Amino acid sequence: MDTQVLIVGAGPVGLTLAIDLGKRGIRCILLEQKEAPQFLPKMERCNARTMEIYRRLGIAQKIRDAGFPRDVPMDVFIVTSLVEPPLLHLPYPSVAQAQAEIASHNDGTLPLEPYQLISQYTLEPLLKSVAESLPAVDVRYGCEFLDFAQDEICVRARVRAKDGAVTELTAPYLVGCDGGSSGVRRQLGIKLNGEANLLQLRQALYRCDDLFERIPIGKGRHYHVADDRATFLIVQDSTKHFTLHSVVDSDEDMKTMFEKTVAMPVQYEMLSCAPWRQNLLVADNYGQGRVFLAGDAVHLVIPTGGLGMNSGVGDAIDLSWKLAATLKGWGGPKLLASYEAERRPIGVRNVEASRQASRGRRAWRSMWRPEIRDHTPAGAEARANLARVADVEQRKSNEMIGAELGYCYRGSPIVWPEPGEGPEDNLMKYVPSTWPGARLPHAWCDDGSAMQDRIGDGYTLLRLGRSQADAGPLAQAFAAYGAPFGVLDVPDERPREIYGCDLLLLRPDLHVVWRGNSLPDAVTLAALATGH
Ligand SMILES: Cc1cc2nc3c(=O)[nH]c(=O)nc-3n(C[C@H](O)[C@H](O)[C@H](O)COP(=O)(O)OP(=O)(O)OC[C@H]3O[C@@H](n4cnc5c(N)ncnc54)[C@H](O)[C@@H]3O)c2cc1C
């Protein structure tokens, strides 16, 4: 076969998948129809969980170095323009402040890494260069995937190269990370369900070198304009580029809208402008046979709340170790099947989180009145009413830490079924938990190291509280499958308190398989964890 995994689409999701597979020594070919990454705006915030994942891949600092300056606050404003007193100012810490807070807390409530603002057009070339540095990864831009056929042994994909030549590539697995209009998904006949085409906006990208420094009302990342056109201005990572979204009739109107929002004379250039549509959709299935789907190919959210790319990175990291395990021979038949069982409910959950966030925005926008900019009692009242509603509703977009960190693979076939309901699912609040299926909460060890950094790439039995549990039978049971397994002893008191038990079995992606104070039958546990 030509490779072990064929990945279609070098957006952030396909690139992340290629990097994780490459680091696990799995050969993959990454096909991208574009000649090169494009300078077009889309996402701009890696959330905390994505940054933990990138830390594990060894690239978090690189991403921070390329992104928004660490000392600039991430505040969100609701304004009538950039020069008038804001109607609402929601302060959010800069990366430096958030890192200091994380360093001074040890109760499991905070992530190991805070968010990072980085524009998709900066992130993609960075991820591309990391993928290209890995010997196992073959990155092919200017290469269009056409179609595929699959049988019990492999997938055959037809691919058109830059020169127009059509060739066939074979691999045991194919993953469609080819975005919202995924050809791979369409060929599988898998439908997206939910609400499509909710609203069409235009998005334009501007270069304006001195605007950020000159904003008189305070530095932040989002400036929502209280108007009847859903207008909002987003500061991009360089602080010299901005995007504006608005419901207008023509590209030319986007210039007028920018000038109206900025409301002071500035030199600027509009670099691009394109329409985009809001959707809330999830695919019925996340693959079929030897073909899998990840990212926008299976879920489309309204970017409100930043759960688009970030959900896709979660898909990639769940699928990657399962593909690697299966290709290396130790993954059982239920391992790859568990990808859809684990990630589709999270796709549904994140679409719901996005729906709630966008409802919140609609709620405060519905308070707009034509007199809102007037210096009259009626104008003042309209501003106060909108601000009062926005103070509750806008937070739904910016404070979804429960959605970001608290997702749990409940009911997964490769997670130990613990009796009971488990912790309440709360999108707005993260309550640390080691309920089977949850992400291991961040804890600092006594020597200053982070627990997540000490967990290896295979399965780990974490022995806390000076537990003397005999790990021998479990080691043997994993060895019988050839699965990587290690034991980590951490006698420190704090992690034991945070995790609430003596023993935790963790998967390669840092999710909990099982927890308790004495080990269950080792053969049963290893079989379940490895998908046998
Ligand atoms: C205005 C806006 C703001 C956003 N803000 C955020 C945010 O802050 N946070 C967040 O998490 N998300 C955000 N998103 C969503 C985010 O941009 C997407 O979720 C993300 O790009 C999805 O990544 P992906 O890799 O799945 O797909 P894509 O980025 O769409 O990449 C798919 C790739 O596949 C390639 N491809 C398609 N067909 C083929 C083919 N036949 N052969 C070869 N290659 C092919 C495409 O060229 C493309 O490069 C935003 C989106 C928009 C529109």
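Only a predicted model underlies this, so the values are computations on that prediction, with no experimental measurement involved.

Draft legend 1. Region of the structure containing the site of the ligand. In the vicinity of the ligand, 30 residues are found, and the nearest of them are Glu32, Gln120, Asp296, Met309 and Asn310. Within the side chain of Glu32, a nitrogen or oxygen atom sits 2.6 Å from an oxygen atom of the ligand. Here an oxygen atom of the ligand sits 3.5 Å away from a polar atom, N or O, in the main chain of Arg45. Coverage of the ligand by the protein amounts to 89% of the 1000 Å² it exposes when considered alone. Within the residue set of the shell around the ligand, elements represented by two or more residues are α1 (12-23), β2 (28-32), β8 (144-150) and α9 (309-328). Class assignment of the residues belonging to the shell around the ligand gives a composition of 11 nonpolar, 11 polar and eight charged.

Draft legend 2. Summary view of helix α4 (residues 95-103). For α4, the full list of buried residues reads Val95, Ala96, Ala98 and Ile102. All buried residues of α4 fall inside an arc of 165° around its axis, so they share one side.

Draft legend 3. Here's a closer look at α1. The terminal C-alpha atoms of α1 lie 16 Å apart, and with 12 residues this matches the ideal 16 Å at 1.5 Å per residue to within 8%. Burial runs high along α1: 11 of the 12 residues are buried. Among the residues making up α1, those that are buried are Pro12, Val13, Gly14, Leu15, Thr16, Leu17, Ala18, Ile19, Asp20, Leu21 and Gly22. Count one or two residues on from α1 and you reach Gly25, which has phi positive near 80°.

Draft legend 4. The arrangement of the nonpolar core in detail. Core analysis: the largest hydrophobic core is formed by 72 residues, its most contacted members being Ile7, Tyr54, Phe148, Leu174, Val175 and Leu323. Top contributing element to this core by residue count: α9, with seven residues. Apart from the residues within four sequence positions on either side, Leu323 is in contact with Val5, Leu21, Tyr173, Val175, Phe292 and Leu336. Membership of the second largest hydrophobic core comes to 43 residues, among which are Phe212, Leu233, Leu386 and Ala387.

How each quantity is defined
- Residues numbered from 1 in each chain as written.
- Predicted model: local features only at pLDDT ≥ 70, side-chain atom pairs only at ≥ 80, totals over all residues.
- Heavy atoms only, no water.
- Near = heavy atom within 4 Å.
- Polar contact = N/O pair within 3.5 Å; in protein donor to acceptor, adjacent residues only side chain to side chain.
- Areas by Shrake-Rupley, 256 points an atom, 1.4 Å probe, with all protein chains shown as cover.
- Helix = DSSP H or I, 4+ residues; strand = E, 2+ residues; numbered from the N terminus.
- Nonpolar A, V, L, I, M, F, W, Y, C, P; charged D, E, K, R; others polar.
- Buried < 20%, exposed > 50% of the residue type's maximum accessible area, 1.4 Å probe, protein only.
- Arc of directions from axis to C-beta.
- Expected span 1.5 Å × (residues − 1).
- Core = buried A, V, L, I, M, F, W, Y, C linked by side-chain atoms within 4.5 Å.
- Contact = heavy atoms within 4.5 Å.

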